[in-house]
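# Structural features, examined
Read off the chains here:
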Amino acid sequence: SQEELKEVCSKYGTVQACKLSMGFNQSGQQISLGKATVAYANTDEASQAMQKLYFENALGDYIQIDFYQSREARIAHDA
């Protein structure tokens with residue numbers, strides 16, 4: 001769940017936002033798509049989390065980090 005993911009990620013810094021991507025199975029039940037976006041309070045916390053969480057066995061699966069973008073880069077991209 002989103003709450004479980006936030007709990008795992010909070011070990012490494014202040015999580016400002018956490019969104020788990022959800023979809024539906026063939027029965028119409030909501031399920032996790034196995035992807036999430038997590039935003040930390042600062043770059044140092046995000047970097048530490050990336051180092052510590054990469055391939056950690058958490059929540060029944062291994063965590064892979066595919067993409068990282070600093071707040072400054074996100075703001076510049078959205079402008």
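Quick summary incoming for the structure in this document. (Residues numbered from 1 in each chain as written. Predicted model: local features only at pLDDT ≥ 70, side-chain atom pairs only at ≥ 80, totals over all residues. Heavy atoms only, no water.)

Now for the nonpolar core. In this structure, Cys-9, Tyr-40 and Leu-53 are the most contacted members of the largest nonpolar core, which totals 13 residues. When residues of this core are traced back to their parent elements, those giving at least two are helix H1 (2–9), strand S1 (15–24) and helix H2 (43–53). (Core = buried A, V, L, I, M, F, W, Y, C linked by side-chain atoms within 4.5 Å. Buried < 20%, exposed > 50% of the residue type's maximum accessible area, 1.4 Å probe, protein only. Helix = DSSP H or I, 4+ residues; strand = E, 2+ residues; numbered from the N terminus.)

Considering the arrangement of structural elements, one finds Asn-25 in the loop between S1 and strand S2 (30–40). Classification of Asn-25 by relative accessible area gives partly exposed; the value is 27%.

Once that is clear, we can look at the environment of Tyr-40. Secondary-structure assignment places Tyr-40 in strand S2. Of the polar contacts made by the side chain of Tyr-40, one reaches the backbone oxygen of Cys-9; its length is 2.8 Å. (Polar contact = N/O pair within 3.5 Å; in protein donor to acceptor, adjacent residues only side chain to side chain.)

Residues Leu-5, Val-8 and Cys-9 constitute the buried set of H1. One side of H1 holds all its buried residues, which, seen down the axis, span an arc of 95°. Summarising the geometry of H1, the exposed residues directed more than 90 degrees from the buried face are Glu-3 and Glu-7. Packed against the buried residues of H1 are S1, S2, H2 and strand S3 (57–58). (Arc of directions from axis to C-beta. Contact = heavy atoms within 4.5 Å.)

Let us look at a nonpolar patch on the surface. Side chains of Tyr-54, Phe-55 and Tyr-62 sit close together on the surface and give an oily, nonpolar patch of about 340 Å² of accessible area. Within the fold, Tyr-54 resides in the loop between H2 and S3. (Patch = residues over 30% accessible without salt bridge, like charges linked within 9 Å, V, L, I, M, F, W, Y side chains within 5 Å. Areas by Shrake-Rupley, 256 points an atom, 1.4 Å probe, with all protein chains shown as cover. Salt bridge = Lys/Arg side-chain N within 4 Å of Asp/Glu carboxyl O.)

Let us look at the state of the cysteines. The final tally for this structure, using the stated rule, is 0 disulfides. With no disulfide partner, Cys-9 has as its closest neighbouring cysteine sulfur the one in Cys-18, 5.7 Å distant. For Cys-9, a relative accessible area of 5% corresponds to the buried category. (Disulfide = S-S within 2.5 Å.)

It is worth spelling out the pairing of S2 at this point. Bridge count for S1 against S2 is 8 bridges, and the pairing is antiparallel. When the sheet's bridge partners are listed, Lys-19 is paired in S2 with Thr-37. A loop of 5 residues connects S1 with S2, the two strands running antiparallel in sequence, and Gly-28 in this loop sits at a positive phi of about 85°. (Pairing = 2+ DSSP bridges.)

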